[in-house]
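Examining the three-dimensional arrangement
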Amino acid sequence: MALTGIEIFKLLPKTNCGECGVPTCLAFAMNLAAGKAELSACPYVEEEAKAKLTEAAAPPIAVVTIGVGDRALKVGGETVMFRHEKRFENPPGFAILISDTMPEPEIDSRLKRFSELQYERVGLTLRPDLVAVKDDSGDATKFEAVVNKVKQNSDGGIILMSSNPDILAAGLKACADRKPLLYAATTENLDKVADLAKQNSCPVTAKASTLEELAQLTTKLTEAGVKDIILDSESRTVRRAFEDQIFIRSAALNKKFRPLGFPTIVLPCEMTSDPMKEAVIASMFVAKYGGIIVLSDFQGESLFPLLVERMNIYTDPQRPLATTEGIYEIGSPDENSPVLITSNFSLTYFIVSGEIEASKVPSWLLVKDTEGLSVMTAWAAGKFVADAIAPFVKKSGIADIAKCHKLIIPGYAAAESGGLEEELPGWEILVGPREGSHIPAYLKAWKP
Ligand code: SF4
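Figured I'd write up the structure that's included with this text. (Residues numbered from 1 in each chain as written. Predicted model: local features only at pLDDT ≥ 70, side-chain atom pairs only at ≥ 80, totals over all residues. Heavy atoms only, no water.)

Per the secondary structure count, the chain includes 17 helices and 17 strands. Projected onto its principal axes, the C-alpha positions of the chain cover 80 × 70 × 35 Å. For the chain, the proportion of its 448 residues judged to be buried stands at 49%. Across the chain, the centroid of the 48 positively charged side chains sits 2 Å from that of the 59 negatively charged ones. (Helix = DSSP H or I, 4+ residues; strand = E, 2+ residues; numbered from the N terminus. Buried < 20%, exposed > 50% of the residue type's maximum accessible area, 1.4 Å probe, protein only. Lys, Arg positive; Asp, Glu negative; His and termini not counted. Charge placed at Lys NZ, Arg CZ, Asp CG, Glu CD.)

Structure (structure tokens):
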């Protein structure tokens, strides 16, 4: 259970040496309680106190990593029920299902889709995360061969799915170095799967048909030394699976119930045979509260909206996505090319730059830091007004690059044109379109 500042203070040395960056141990304790400091900043905490404080500081839902390197997927670590309370921390991973009884060409085309279905949006690469290999054959050699193929042909994380520990061991022979998720430990195979997880330092899924059994299972796994656990409540109806997600999150956060304090896996692939319905179910679990979402297949028309939904829900609501302030070249502009200016809200930047690109008129785009606010909001907040824009334009150096001193401002900031003409002598201020979609027509008609 989280400790209060006073409870934390009682465990600190109370020497007020100031080495942690604040003058007193009490101030440090208050910062720790508020999550604004790391315990490691105090070098003098005794081991026993450190153990208590580390335990208390652990997130109510554990963070579990699947895979290694750049493509490692971190799930869990959530601290709130609702995004607006703070933010959601680690986006869920999307997995594509491959059965070891599928024909080779089908496996190949799924692996191709896994690698190729990725999208650039607001400067980020959106892509799926995991390949789930399912043992339907009951043949360890066959399973190992498919896992090996997946390992050779994809760089994502791997889920090994079998209730038979010998078959999981065969899969591990092929990909233990990729730290796959073992799916799943049940009451029947608990000891053997726990041993495999420990020997290979892999995360493991605990699977049980009731939440009580699930809690017992995670307690046994934890006692056996397995810390990286994913929960499968085995519900395969939408309603029950949804209720389970809410109950698990609430038990971990509101009741501080450690046995359910782990991320979850959900399997829309086993809830319907209709691909569009499956995508809708998956979208529900993006919001509430799937840690790993296994889909029967990937198709661009369903995967892309899921990836965008995930990105939107897992951005920090207190920090709008922002683009770096500066001068951006679009096309190959020269000294006679138009100069436009906009705010650094990422969505604004990508819409405006996309429309300029679509116009095929090479241009200079100035992006002013407005703390991630859109043009209208920034203007209303006084961050995109003449007094703020003019110093940026002067400092940017655009006057030396573009000889045609005409600055195109967004239509929504038209009220600033007079102020800018005063603040930027030698520049002609032109009021551009209000909507991004009108930029191509505007630029095509533009004359230096
Ligand atoms: Fe107290 Fe430790 Fe900070 Fe020193 S470094 S003031 S002992 S909390």
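One pass over the full model with this rule turns up 21 salt bridges. One salt bridge in this structure joins Asp155 and Arg71, with 2.8 Å as the shortest N-O distance. Residue Asp155 is located in the loop between α5 (140–153) and β7 (157–161), and its partner Arg71 is located in the loop between β1 (63–66) and β2 (73–76); the two are separated by 84 residues in the primary sequence. Taking relative accessible area as the criterion, Asp155 reaches 40% and is therefore assigned partly exposed. (Salt bridge = Lys/Arg side-chain N within 4 Å of Asp/Glu carboxyl O.)

Glancing now at the environment of Arg127. Along the chain, Arg127 turns up in the loop between β5 (124–126) and β6 (130–134). Here the alpha-carbon distance between Arg127 and Lys227, two residues 100 residues apart in the chain, equals 28 Å. Dropping the residues within four chain positions of it, Arg127 is found in contact with Arg71, Leu117, Gln118, Asp155, Leu307 and Arg310. (Contact = heavy atoms within 4.5 Å.)

Now for the packing of helix α9 (residues 238–253) against helix α10 (residues 275–287). Relative to each other, α9 and α10 sit at 10°, their axes nearing to 10 Å. By the angle between their axes, α9 is roughly parallel relative to α10. On α10, the residues that touch Val238, Ala241, Phe242 and Gln245 of α9 are Ile281, Met284 and Phe285. By residue class, the composition of the contact of α9 with α10 is six nonpolar, one polar and no charged. (Axes fitted to C-alpha atoms, helices over the stretch in contact; angles between N-to-C directions. Parallel < 35°, antiparallel > 145°, perpendicular 65-115°, else oblique. Nonpolar A, V, L, I, M, F, W, Y, C, P; charged D, E, K, R; others polar.)

Turning next to helix α11 (residues 300–313). When the terminal C-alpha atoms of α11 are compared, their 20 Å separation across 14 residues agrees well with the 20 Å that a helix rising 1.5 Å per residue should span. Inspection of α11 places Ser302, Leu303, Leu306, Leu307, Val308, Glu309, Arg310, Met311 and Ile313 among the buried residues, and these make up the whole buried set. Looking at the buried side of α11, the elements it contacts are β3 (93–99), β4 (119–121), β5, α10 and β12 (292–295). (Expected span 1.5 Å × (residues − 1).)

Below, the discussion takes up the layout of surface pockets. Reported here for the largest pocket is a volume of approximately 1100 Å³. Lining the largest pocket are 34 residues, with Gly35, Ala57, Ala58, Pro59 and Thr79 sitting closest to its centre. Where the lining of the largest pocket is concerned, the elements lending two or more residues are α2 (25–33), α3 (47–57) and α9. Here the lining of the largest pocket takes four residues from α3, the largest share from any one element. A class-by-class count of the residues in the lining of the largest pocket yields 20 nonpolar, six polar and eight charged. In this structure, the second largest pocket encloses a volume near 490 Å³. (1 Å grid on protein atoms, 1.4 Å probe; cavity = no way out; pocket = protein on both sides within 12 Å on 5 of 7 lines; lining within 4 Å. Points joined across faces, edges and corners; volume = space filled by probe spheres on them.)

To continue, consider empty space enclosed by the protein. The rolling of a water-molecule-sized probe over the atoms marks out the regions of remaining empty space. For the structure shown, the criterion picks out three cavities of 30 Å³ or more. What the largest cavity holds in volume is close to 130 Å³. Of all the secondary-structure elements, those providing two or more residues to the lining of the largest cavity are β2 and α9. Here the lining of the largest cavity takes three residues from α9, the largest share from any one element. Tallied by class, the residues present in the lining of the largest cavity amount to seven nonpolar, six polar and two charged. Along the wall of the second largest cavity there are 15 residues; nearest its centre are Cys17, Gly18, Cys20, Cys25 and Cys42. Here the lining of the second largest cavity is built from residues that sort into ten nonpolar, four polar and one charged.

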